[in-house]
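The chain contents come next:
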Amino acid sequence: MLDTKLTPIAPLAALPTAAMRLDHKSRVIDWNPACQRLLGFRKSEILNTKTHPWLQDPKADAELFVPPQQNKPWQATVLCQHKNGKPLYCHMQLTYLADERQILLILHDTSALQFKVQDLKKQFDELKHKSKEQTSMLHVANSLLEHNINERDHIDKVLRDNEQRFRLLAENSSDIISQQTPDKKFIYVSPSCYSLLGYTPKEIIGKNSTDFIHVGDLNKLKDTNGLEPDENDRTTL
């Protein structure tokens, strides 16, 4: 703990840390060289003044110099400024010297730490903002994905229903209903093929439709199919 009882053996100028003494009216009555190095003001510029130009925060100016009769030790990190206007943070320790009715004020430069804390806070706020943006984008993406899934499920249901209706129609028709690939291979044949052709669907599927056409009618069939079908087309007959 700092010994606040100043004696001729330990003058203020001997302290390596920035320090000043003020009288009971908050006027600066002593200002050591370390104070000048920290704040830039010469001792002659500060002595016997009640104004404190090295304090940026007026609130701190009011709180810092409490009336001596309150006799309350006080410490805080306060925003100050160098004579050249450069901001700096100082951790201040104020002690009332009851025997001399004076105030001892010790200052420690904590600018590097405080500016680092501010920089980290700024980075944290930026990351927090980006996180909110990314979370919002994720919610939008999830909503779109859910919509696409629901739409796909709906399309799949429509296709299944159509397939069921087709099979219901085909399997109860007396005519042969079939589906073929572009190269005329059967991929589906209705059950009526057995009563009309004598072949079961299993015997027909995978074979070419020309295998079941009379040789004399093949040329007629070619004449009616002048256009080449698309490779992705399916023909339903």
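These figures come from a predicted structure and were not determined experimentally.

## Quick look at a nonpolar patch on the surface
- On the surface, a nonpolar cluster with roughly 280 Å² of combined accessible area is contributed by L196, L197 and Y199.
- Among the secondary structure elements, L197 is positioned in helix α5 (residues 193-197).
- Accessibility expressed as a relative area gives 42% for L197, which makes it partly exposed.

## Quick notes on the confidence of the model for the protein
- Model confidence for the protein is summarised by a mean pLDDT of 80, while 81% of its residues fall at 70 or above.
- In the predicted structure, residues 1-9 sits below a pLDDT of 50 and forms 12 contacts with residues beyond four places in sequence or in another chain.

## Looking at the pattern of salt bridges
- Evaluation of the coordinates by the stated rule reveals seven salt bridges.
- Salt-bridge contacts for R27 lead to D23; the nearest nitrogen and oxygen are separated by 2.8 Å.
- The class of R27 is partly exposed, set by a relative accessible area of 29%.
- Its salt-bridge partner being K121, residue D125 comes within 3.2 Å of it at the nearest N-O pair. You can see D125 and its partner K121 sitting in helix α4 (residues 111-171), four residues apart, about one turn around the helix.
- D125 gets classed as partly exposed once you look at its relative accessible area, which sits at 34%.
- Given the relative accessible area of 52%, K121 is considered exposed.
- In this structure, a network of salt bridges that share partners links the residues R21, D30 and K43.

## With respect to the sheet that holds strand β4 (residues 87-97)
- Read across the sheet, five strands follow the order β2-β1-β5-β4-β3 without closing on themselves; strand pairing throughout is antiparallel. Two strands lie at the open edges of the sheet, namely β2 (28-31) and β3 (74-81), each paired on one side alone. Across the sheet, the axes of successive neighbouring strands diverge by a mean angle of 30°, strand direction being ignored.
- Here three bridges tie strand β1 (residues 18-22) to β2, and the two strands are oriented antiparallel to one another. Bridged to R21 within β2 is D30.

## A look at the nonpolar core
- In terms of nonpolar packing, the biggest core is built from 24 residues, with M20, W31, L39, W54, M92 and L107 touching the most fellow members.
- Elements with a contribution of two residues or more to this core: β1, β2, α1 (33-39), β3, β4 and β5 (102-109).
- With five residues, β4 is the largest single contributor of residues to this core.
- Excluding residues that lie within four positions of it along the chain, W31 makes contacts with L12, A19, M20, Q36, L39, F41, R42, K43, I46 and W54.

## Description of the pairing of β1
- Across the five residues that make up β1, a large majority, five, are buried.
- Judged from the five bridges that link them, β1 and β5 form a sheet pairing that is antiparallel. Bridging from a neighbouring strand, R21 pairs with L104 of β5.
- Here β1 folds back onto β2 in antiparallel fashion, the turn holding five residues, of which S26 has a positive phi close to 70°.

## Here's the deal with the environment of T95
- Structurally, the position occupied by T95 is in strand β4.
- Taking C-alpha positions, T95 is 4.9 Å from P73, a pair spaced 22 residues apart along the chain.

Parameters at a glance
Residues numbered from 1 in each chain as written. Predicted model: local features only at pLDDT ≥ 70, side-chain atom pairs only at ≥ 80, totals over all residues. Heavy atoms only, no water. Patch = residues over 30% accessible without salt bridge, like charges linked within 9 Å, V, L, I, M, F, W, Y side chains within 5 Å. Areas by Shrake-Rupley, 256 points an atom, 1.4 Å probe, with all protein chains shown as cover. Salt bridge = Lys/Arg side-chain N within 4 Å of Asp/Glu carboxyl O. Helix = DSSP H or I, 4+ residues; strand = E, 2+ residues; numbered from the N terminus. Buried < 20%, exposed > 50% of the residue type's maximum accessible area, 1.4 Å probe, protein only. pLDDT = per-residue confidence, 0-100. Contact = heavy atoms within 4.5 Å. Pairing = 2+ DSSP bridges. Axes fitted to C-alpha atoms, helices over the stretch in contact; angles between N-to-C directions. Core = buried A, V, L, I, M, F, W, Y, C linked by side-chain atoms within 4.5 Å.

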